[in-house]
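So the chains spell out like this:
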Amino acid sequence: MRTLLMLSLALLFSGFAAAEQFKQFSTAQGVKYDVHYSAFVSTFLQPAVAKQYGLTRSQAIGVLNVSVLKHLAEGKTEAVGAVIEGKVTNDVQQNTFLGFQQIIENPAIYYLAQTQFREGEVLTFNLSVYPEGVREPFNLRFTHTFYND
């Protein structure tokens, strides 16, 4: 079952490769991190995957997926744990705080949050990402327009 879920998640997120974005950050010590993020309508999730992770599937609920990769000396990257705080702001400046859940599918670590939206609504996401061992947050701001499938 676990292999099936990992395969489902891999297939799910591989379909969003074009929609996934990332921003690179550096600490004062010069350590580089990539914060990858994507947002999509929750109905893109397979029902079994949504159920496994306690996510609601609805044409009015979006999913935010965030992961953090640390650059290693050998030119490789590794997934690292993080604390992610965030809020989403809608067109009329109403704020909603996001609650992220951590998902570990070794070697991947990612964070999921859900938010409601209206068709065609532009949402602004403001995130503070604290990778393990980093004291100052990486601040990330982006917008996403949600459309029902």
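Thresholds, definitions, all that
- Residues numbered from 1 in each chain as written.
- Predicted model: local features only at pLDDT ≥ 70, side-chain atom pairs only at ≥ 80, totals over all residues.
- Heavy atoms only, no water.
- Core = buried A, V, L, I, M, F, W, Y, C linked by side-chain atoms within 4.5 Å.
- Buried < 20%, exposed > 50% of the residue type's maximum accessible area, 1.4 Å probe, protein only.
- Helix = DSSP H or I, 4+ residues; strand = E, 2+ residues; numbered from the N terminus.
- Contact = heavy atoms within 4.5 Å.
- pLDDT = per-residue confidence, 0-100.
- Pairing = 2+ DSSP bridges.
- Axes fitted to C-alpha atoms, helices over the stretch in contact; angles between N-to-C directions.
- Salt bridge = Lys/Arg side-chain N within 4 Å of Asp/Glu carboxyl O.

### A closer look at the nonpolar core
Reasoning step 1: Formed by 28 residues in total, the largest nonpolar core has its most connected members in Leu64, Phe100 and Leu127.
Reasoning step 2: At the level of secondary structure, the elements contributing two or more residues to this core comprise strand S2 (32-41), strand S3 (61-71), strand S5 (82-89), strand S8 (108-116), strand S9 (122-131) and strand S10 (138-145).
Reasoning step 3: Sorting elements by how many residues they give to this core places S2 first, with five residues.
Reasoning step 4: Excluding residues within four positions of it along the chain, leucine 127 makes contact with Leu64, Val66, Glu85, Gly86, Leu98, Phe100, Phe138, Asn139, Leu140 and Phe142.
Reasoning step 5: Counting ten residues, the second largest nonpolar core, distinct from the first, contains Phe40, Val49, Ala50 and Tyr110.

### A short note on the environment of leucine 140
Reasoning step 1: On the secondary structure map, leucine 140 appears in strand S10.
Reasoning step 2: Setting aside anything within four residues of it in sequence, one finds leucine 140 in contact with Lys23, Phe25, Val35, Tyr37, Phe125, Asn126 and Leu127.

### As for the confidence of the model for the protein chain
Reasoning step 1: Looking at the protein chain, pLDDT values average 88 and 87% of them are 70 or higher.
Reasoning step 2: Scored below 50 in pLDDT, residues 1-18 shows 20 contacts in the model against residues more than four places distant or in partner chains.

### Section: the sheet that holds S5
Reasoning step 1: A sheet is described by the order of its strands in space; here four strands give the open sequence S6-S5-S9-S10, paired in antiparallel fashion. In the strand order of this sheet, the two ends are held by strand S6 (95-98) and S10, each with one partner. With strand direction ignored, the average angle separating the axes of adjacent strands in the sheet is 20°.

### Observations regarding the pattern of salt bridges
Where side chains of opposite charge bring their charged atoms close, a pairing between them can arise.
Reasoning step 1: Under the defined criterion, the tally for this structure stands at one salt bridge.
Reasoning step 2: Of the charged contacts in the structure, one is a salt bridge between glutamate 121 and arginine 118, with a shortest N-O distance of 3.3 Å.
Reasoning step 3: The buried category is assigned to glutamate 121, whose relative accessible area is 4%.

### Description of the pairing of S5
Reasoning step 1: Where S5 meets S9, eight bridges bridge the pair, whose relative direction is antiparallel. Across the sheet, glutamate 85 pairs through a bridge with serine 128, a residue of S9.
Reasoning step 2: The pairing of S5 with S6 spans four bridges and is antiparallel. Bridge pairing in S6 places lysine 87 opposite phenylalanine 97.
Reasoning step 3: Here S5 folds back onto S6 in antiparallel fashion, the turn holding five residues, of which glutamine 93 has a positive phi close to 65°.

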